[in-house]
Structures are given as C-alpha cells and as structure tokens.
Amino acid sequence: MLRRHPYSKLCTMMLLFCMAVLAGLAASCSQDPETNQIEIELWTLSLRPTFTDYMEYVIDDFEAAHPGVKVRWVDVPFNAVNRKLIAAAVAGRAPDIVNFSDLQYARFASLGATRDLTDLLDFDPEMVYLEGTLASARIDGQLGALPWYLSTPIQFINTALLDEAGWDVQTIAGDWQTLQEQGREYYEQTGQFLFTQPLAVESELPNMLLADGKPPFIERDGKLRADLTRDEVVAYIDSWVQLYHDGALPRAAATSGHAHVVQMYQDGQVAVGVTGANFLSRVADASPDVFEHTIVRPTVCGSLGRAQIAVMFLSVTSTSKHPKEAADLAAWLTNPENQLAFCKRVNIMPSTPAVLSDPHFSAPSGDPNSPEYKIALARFYSAHSMPEAVAFTPSIGAWPDLRRAFSEGIKAAFLNGEDTRTVLARIEAEWNQILDDNLPASIDAVPRPNPVEQQTDGSGTEGTS
C-alpha cells in the first residue's frame, strides 16, 4: 500500500506560505521613518564563525556603496533553515534574502517563496554566471536565485594501498562504469575495497542516473512522471546492487550517507575517495599518513563526461519590501571580485567564469608532496571541470521527497536482496504519487545536457539529448 502521510508536510508548507504571503503583505516596511534608512535582512547557512570576518567585510562595502541601506546578517544552522524560514514567514518577519542549498531551493521557489530577479538586476545574468549553475536557478521560466558558491567532487587516491596491490595509480578510471569493474577486480585480488559511494542512505544514484544520461523521468500528457523501470535505468541500478552483493563495496555504502566516504578514506579502508575538494584539509589533519600518500585527480563522471556541481543559491523572498535593494545585495555577494575573495579563504568554486581565469585556480608548481601543492591541485582540477560541469539537481520542488523515497525504497534491493526491478517499480509508483501531490513540473526541470564530446561550440552549455 502506498504511503501518503510523509508528504502531508509539503501540503502544510504550502498552506503556511500562503499565510506567509498574507502576513508579509500586512507587515510594516523595514524602513526607519526618521532616517529613511532601508534595512534588508540576509540569512546565510552555517558561515559563522569561520567566515564572520569575510561576511562583515563584504557587507560593510555594500553599505558604503549603497547609502541609506543597512544589512542585518543572520546566520542559520544548515539543518534548521526550513523550520526557521517557515516560522519567520508566518509571523510576517521573513528575511529579504535567503541562502538555499540546491536541494532546498527548488522546493521554496516552486511554492512561490522567491521573487523573479529578471527585472531587478542591472545586468544580464547569462553574461556573468556559469550556465551549468544558472539553469538550475530557473523555475517555471523565472529566475528565482543567483548562484553563489559551488563545490564539485574530485578523486583522492591512496597510492600506498595501490602499491601494496601492485596497481598503477595512472590506471584508476575516471568514469563510474570502469571504476565499478576495477572495484570488483580489486576486491577479488585483495579482499579490500577500492572505493565506496552512498547508495541507499542519502543515495547518489538518482543524480548519477542523470549524469549518465539516463534521466529517471519521462513526460506524459504534459506531466512529469517517474520512469524508473525503463530497462537502461534498471540495468544501471542493478549493476550497483550486484557489485554490493558481490562484496566489492563496503556495507556502509548501503547503510551510511556521504560522511562515510571521507571517513573510510582517511581511515585507510578504501583506496579511492570521490568527494569534495574541501575535505582534503580534513584528511591532512585527521590522517597525516594517509594524506602523505594521497594524490588527487579529476572527479569520476558518468557517461556524459560532466562533473556534478553542488550549488549554493541566494534568493530574494516574495515577501521582501525592498526587492531591488535585496537583489543588489545578492548581485554584490556573487560578483566576481567578492567571489574570488571568498574562494581564497576556503576551497570552494565560484559561479562566475570570470573568476576561474585568476591565477588562484591555475595549476600549482613546487613540491608535489607538500600539502599546499595538493590542495592547489585539487582546486585546479575542480576549476578546470567547471565550464562543462552541471548541477544535476532537478528544478523540482518535490526533489528532496523523491530522493528520500528512493533512498528508503532502494534499501530493499541492497539490504534485503529483493529483485531490483520489483523494488524500482514500487519506488516509481511512490514517485508518481509524490509528483501528483505536489505542484506540477515538466521535463524541462530535469537536467539533460549533451555528452561533452557532442559539444561543438566549446561552451559547455546545456542542451537536450
């Protein structure tokens, strides 16, 4: 029997946002009648205390360049933003700008919580931001956010473990299909794990399908429907299930989320880790011996040959009383100069291609064994992949619910040994129910870029396959 109750939360959210719009319209303007000073409130995600000085610096500069505008900065814990934003909106105190992750953004945008920025910007965003990130900011033809900072995975490779097995590091694959084959061979030879990947908790499989050019959706009668029982989709998922059942992947691949990838790599339990470049410093601090034998390589891609981007967005809320000033602040935070300053403080990527030409992202020189060299090389590989990289998160408000349903459902195949097609048929039915219970979406919300080798203009922009 299909479960409906987990998704009643979304209906509640929709009701609350309807209430929030009314509350926002009734609320008084955030403007001091005596000084005529405008105050806009900015919410970010988990930037304090590490980036307090940076945020205060760019806000001070913005205020100096925009006399009469005052910015109130509020930093919110990553996992609390949904709850806090709804509560603030219902109380008529929603912020003017909110920092969303790519998983959160589409949901709030599809509920009407964000403002279309098209007419609020003094520039053409197409000329400023990477198209691979800007495309995912569009919901129903409206630009509801600006891409801020990005991350994309790279490979960490423990050469000591490969040397013990007699493997040449240069042979390690850069695509998932070949890496699967190598993982099986490595396990059969050594009894150890070549790599791991979150497959059933915080499952990456839906995104990996998209990156492999096998979108798990189809459009029928103008409606987006799940398409998880298509033969090529079943075969792709089943290849991971069988690799797990053959013992070539650790149990954590089906029982733990993203955190286990870094943990197992730094503990020397896998020879290859595919994760964000920002985790390299953690490996250096937690496991100096592993870090000493670590080299970095470009990320592992699906058959499209495109790296996957995780995007942080800045949105102007639909209840903002000062949308123009709020849009100006979003543009200020995401302009090339401020993005470069941010990237120099932490190993993240900019959403503006103009920044990628800065020497900060160039190939390093010097001692290849030094921590500075390895971190710089990781940054170079990430930056080099950006022009053709894609945010493989569909612009669908229900995407978090779809991923959650997939992760919960696919456990039956990994952990209980149920037939993969049968399990996917159940998930497909649940996905269609979720899609029916949510605002309509179209196939245009699903990233479907061409393979890199099919691009003829060198732009790396998306096109339908």
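S.K.: Outline the overall build of the chain, listing residues and values.
M.R.: Regarding its fold elements, the chain presents 19 helices and 13 strands. By residue count, 55% of the 465 residues in the chain fall in the buried class. In the chain, the proportion of contacts linking residues at least 24 apart, taken out of those at least 6 apart, comes to 74%. With an accessible surface of roughly 19600 Å², the chain has 50% of that area assigned to carbon and sulfur atoms.

S.K.: Requested: an account of the nonpolar core, with residues and values cited.
M.R.: If you look at the biggest cluster of nonpolar residues, it comprises 68 residues, and the most contacted ones within it are Leu42 and Met55. Residue contributions to this core peak at six residues, all from helix H14 (residues 323-333). Residues contacting Leu42, with those up to four places away along its chain left out, are Met55, Ile59, Val71, Arg72, Trp73, Val74, Ile97, Leu314, Leu329 and Leu333. Phe217, Val233, Val272 and Trp399 belong to the second largest nonpolar core, which has 63 residues in total.

S.K.: Describe in detail the sheet that holds strand E11 (residues 294-297), supporting the description with residues and values.
M.R.: Taken in spatial order, the three strands of this open sheet run E10-E7-E11, and their pairing is antiparallel. The outermost strands of the open sheet, each flanked by one partner alone, are strand E10 (272-276) and E11. Ignoring which end each strand starts from, the neighbouring axes of this sheet average 30 degrees apart. Of the strand pairs in this sheet, strand E7 (residues 153-158) and E10 are connected by five bridges, and their pairing is antiparallel. Paired with Ile157 across the strands is Val272, a residue of E10. Along the sheet face, helix H11 (residues 259-266) touches E7, E10 and E11 and points at about 135 degrees away from the line of E10.

S.K.: Explain the packing of aromatic side chains to me, using residue names and the numbers behind them.
M.R.: Under the definition given, this model contains 21 aromatic pairs. Each ring, one from Phe62 and one from Trp332, has its centre 5.9 Å from the other, and the planes form 70 degrees; the classification is edge-to-face. Of this pair, Phe62 sits in helix H2 (residues 52-65) while Trp332 sits in helix H14; the two residues are 270 residues apart in sequence, bridging distant segments of the chain. Judged by relative accessible area, Trp332 falls into the partly exposed class, the value being 21%.

S.K.: With reference to specific residues and values, describe the sheet that holds strand E3 (residues 97-101).
M.R.: Within the open sheet, the six strands sit side by side as E2-E1-E3-E12-E6-E13. Their pairing is mixed. In this open sheet, the two edge strands, each paired with only one partner strand, are strand E2 (69-76) and strand E13 (349-350). Examined bridge by bridge, strand E6 (residues 146-151) and strand E12 (residues 310-316) share four bridges and lie antiparallel to one another. Its bridge partner lying in E12, Leu146 is registered against Leu314. Contacts between H2 and the sheet are confined to strand E1 (38-45), E2 and E6, with E2 contributing the most and set at about 160 degrees to the helix.

Cut-offs applied
- Throughout this description, residue numbers start from 1 for each chain and increase along the sequence as written.
- Per-residue local features of the predicted model are confined to residues with pLDDT of at least 70, and side-chain atom pairs are confined, for both listing and counting, to 80 or more; whole-chain, interface and lining totals are unaffected and use all residues.
- The basis for every side-chain value is the complete set of non-hydrogen atoms in the structure, without hydrogens or water.
- Put simply, DSSP H or I for four residues or longer makes a helix, DSSP E for two residues or longer makes a strand, and each gets a number counted from the N terminus.
- Accessible area is worked out with a 1.4 Å probe on protein chains only. A residue is then buried under 20% of its type maximum, exposed over 50%, and partly exposed in between.
- Here, two residues are considered to be in contact whenever any of their heavy atoms come within 4.5 Å of each other.
- Using the Shrake-Rupley algorithm and a 1.4 Å probe, accessible areas are obtained, with residue cover drawn only from the displayed protein chains.
- What we call a nonpolar core is a set of buried Ala, Val, Leu, Ile, Met, Phe, Trp, Tyr and Cys residues that are connected through their side-chain atoms within 4.5 Å.
- We call two strands paired when DSSP finds no fewer than two bridges between them.
- In this analysis, axes come from line fits to C-alpha atoms, helices being fitted only over the stretch in contact, and the angle between any two N-to-C directions falls in the range 0 to 180 degrees.
- Two rings belonging to Phe, Tyr or Trp (six-membered ring only in the last case) form a pair when the distance between their centres is within 6.5 Å. Interplanar angles under 30 degrees mark stacking, angles over 60 mark edge-to-face geometry, and anything in between is tilted.

The analysis is restricted to geometry; functional conclusions fall outside its scope.
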